[in-house]
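# A look at the structure
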Amino acid sequence: MTPQPPPYVPGHSLLAGRTAVITAAAGAGIGGATARRFLEEGARIVIGDAHERRLRESAAALAEEFGAANVAGLPCDVTDEQQVDALFALAAERHGGLDVVVNNAGLGGTADLVDMSDEQWSKVLDVTLGGTFRCTRAALRRLKAQNGGGVVVNNASVVGWRAQRGQAHYAAAKAGVMALTRCAALEAADFGVRVNAVAPSLAMHPHLVKVTTPELLAELTEREAFGRYAEPWEIANVIVFLASGYSSYLTGETVSVSSQRA
C-alpha cells in the first residue's frame, strides 16, 4: 500500500494582519504552497518569480480566491538587485510595510565535480545563495528602518549537511544559506528581527514527479522513514510556524523538515 500524506491542516489565523514577501512563489512547489498557506493564515502577500507567465497566473488565481487586496505579484530575478528592491518596494506600496520574508528561490542541477563547468557552479551559487543574500539584505534594511520586528525564513536543504553525488554546487549553496542564516540572525537580533531556515529532504509535486525517473524517485523515497516524499504544504506548515509568534524565541536555527533515515 502506497503511504499517503496526512489530511491538509486548516488555517488558524496565525499570520493575521501581516504582510509577507515570498520569492519563487509561482507554481506547484514549496513557494506556491507557502503563498497559499500564508493567505489561509490571514496574511497579505507579495509574490515574486522569474517566470512571468506562471507568476501572473498564480497571482490571479490566488487573488480570485483570497481577494485582490491581499495578493500582489511582480516578476523578480533574485540575481538582479534592482528587481529585488522593486519587489520589496511593492510590499511597502501595496501594504504599507513588511513583516515576513520567505526566501524560497533556488536552482539545482546534477553534475559530477570533475565535469562541472564554472558556469554551472556560478549559476547555482548566484541564484541559491546570492539570491538569498540579496533578499535577506533588502529585508533587513527595511525591517530595521521600520523598527517593528519581523521575520525572515530561508529555504535551505538537508544536502547542506549531507553528502550527495552530483550535488556539490547545490550542497555548497545550501550550506551557505545555513551559515548566512546564522550570521544574519545575530545582526538582526539587535533590532528585534528573527532569521531562521527550513531544510527539507524530499518535497515533490505532480509536475516534478513527471520529470523524475521512477528509479530515482524510488531511490529517494526509500530513504524516507515514512516511505513517501513530503507534500509542499508540509514544508510550508513549518515555514508558517517559523513566521508566527509560536517561534518567538527561535533565531539563527535551521529546522530539518525531513524523515530521512540516513
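That block above? That's the structure.
Before going into details, it helps to say that this report is about the structure given with it. Just so you know, these numbers come straight off a predicted model, no measurement behind them. (Residues numbered from 1 in each chain as written. Predicted model: local features only at pLDDT ≥ 70, side-chain atom pairs only at ≥ 80, totals over all residues. Heavy atoms only, no water.)

With that out of the way, let us pick up the nonpolar core. In this structure, I22, F38, I45, I47, I235 and I239 are the most contacted members of the largest nonpolar core, which totals 31 residues. Sorting the residues of this core by element identifies β1 (19-22), α1 (30-40), β2 (44-49), α2 (52-66), β4 (100-103), β5 (150-155) and α8 (232-243) as the ones contributing at least two each. It is α8 that provides the largest number of residues to this core, a total of six residues. (Core = buried A, V, L, I, M, F, W, Y, C linked by side-chain atoms within 4.5 Å. Buried < 20%, exposed > 50% of the residue type's maximum accessible area, 1.4 Å probe, protein only. Helix = DSSP H or I, 4+ residues; strand = E, 2+ residues; numbered from the N terminus.)

Turning next to the packing of helix α4 (residues 118-146) against helix α5 (residues 168-188). Contact geometry for α4 and α5: axes closest at 9 Å, N-to-C directions at 15°. With respect to each other, α4 and α5 are oriented roughly parallel. Crossing of α4 against α5: the hand is right-handed. Counted together, Q120, W121, V124, L125, T128, L129, T132, F133, T136 and L140 of α4 and A168, H169, Y170, A172, A173, K174, G176, V177, L180, A184 and A188 of α5 form the full contact between these two elements. For the contact of α4 with α5, the per-class residue count stands at 14 nonpolar, six polar and one charged. (Axes fitted to C-alpha atoms, helices over the stretch in contact; angles between N-to-C directions. Parallel < 35°, antiparallel > 145°, perpendicular 65-115°, else oblique. Left-handed = near helix turned anticlockwise from the far one by under 90°. Contact = heavy atoms within 4.5 Å. Nonpolar A, V, L, I, M, F, W, Y, C, P; charged D, E, K, R; others polar.)

This paragraph deals with the pattern of salt bridges. In this structure the tally under the stated criterion is eight salt bridges. Between R37 and E40 there is a salt bridge; the shortest N-O distance is 3.0 Å. On the criterion of helical spacing, the pair formed by R37 and E40 is a turn pair, its members being three residues apart in helix α1. Residue classification places E40 among the partly exposed positions, given a relative accessible area of 24%. Ionic pairing is found between D112 and R165, a salt bridge with its closest N-O pair at 3.9 Å. Of this pair, D112 sits in the loop between β4 and α4 while R165 is found in the loop between β5 and α5, placing the two residues 53 residues apart along the sequence. Looking at D112, the relative accessible area reads 34%, which means it is partly exposed. Among the residues examined, R165 registers a relative accessible area of 72% and is labelled exposed. Overlapping salt bridges bring together R37, E40 and E41 as one network. (Salt bridge = Lys/Arg side-chain N within 4 Å of Asp/Glu carboxyl O.)

Quick look at the pairing of β5 now. Regular strands place side chains that alternate from one sheet face to the opposite one. Most of β5 is tucked away: six of the six residues are buried. Residues G150, V152 and N154 line one face of β5 and the alternating positions V151, V153 and N155 line the opposite face, and both faces are buried. Of the strand pairs in this sheet, β4 and β5 are connected by four bridges, and their pairing is parallel. Along β5, the bridge assignment pairs V100 with V151. As paired strands, β5 and strand β6 (residues 193-200) are joined by six bridges and run parallel to one another. Its bridge partner being in β6, N154 is matched across the sheet by A197. Remark: the β5/α5/β6 crossover connection has right-handed handedness. (Pairing = 2+ DSSP bridges. Right-handed = clockwise from strand over helix to strand, strands pointing away.)

Attention now moves to unusual backbone geometry. With a phi angle near 60°, S13 is a residue other than glycine that sits in the positive phi range. Residue position: S13 is located in the segment before β1. Positive phi, normally seen in glycine, also occurs at N147, with a value near 60°. Tracing the chain through its elements places N147 in the loop between α4 and β5.

The next point concerns the side chain of T136. Position of T136 among the secondary structure elements: in helix α4. Classification of T136 by relative accessible area gives buried; the value is 3%. If we ignore the near neighbours within four places in the chain, the residues touching T136 are N103, V152, N154, L180 and A184.

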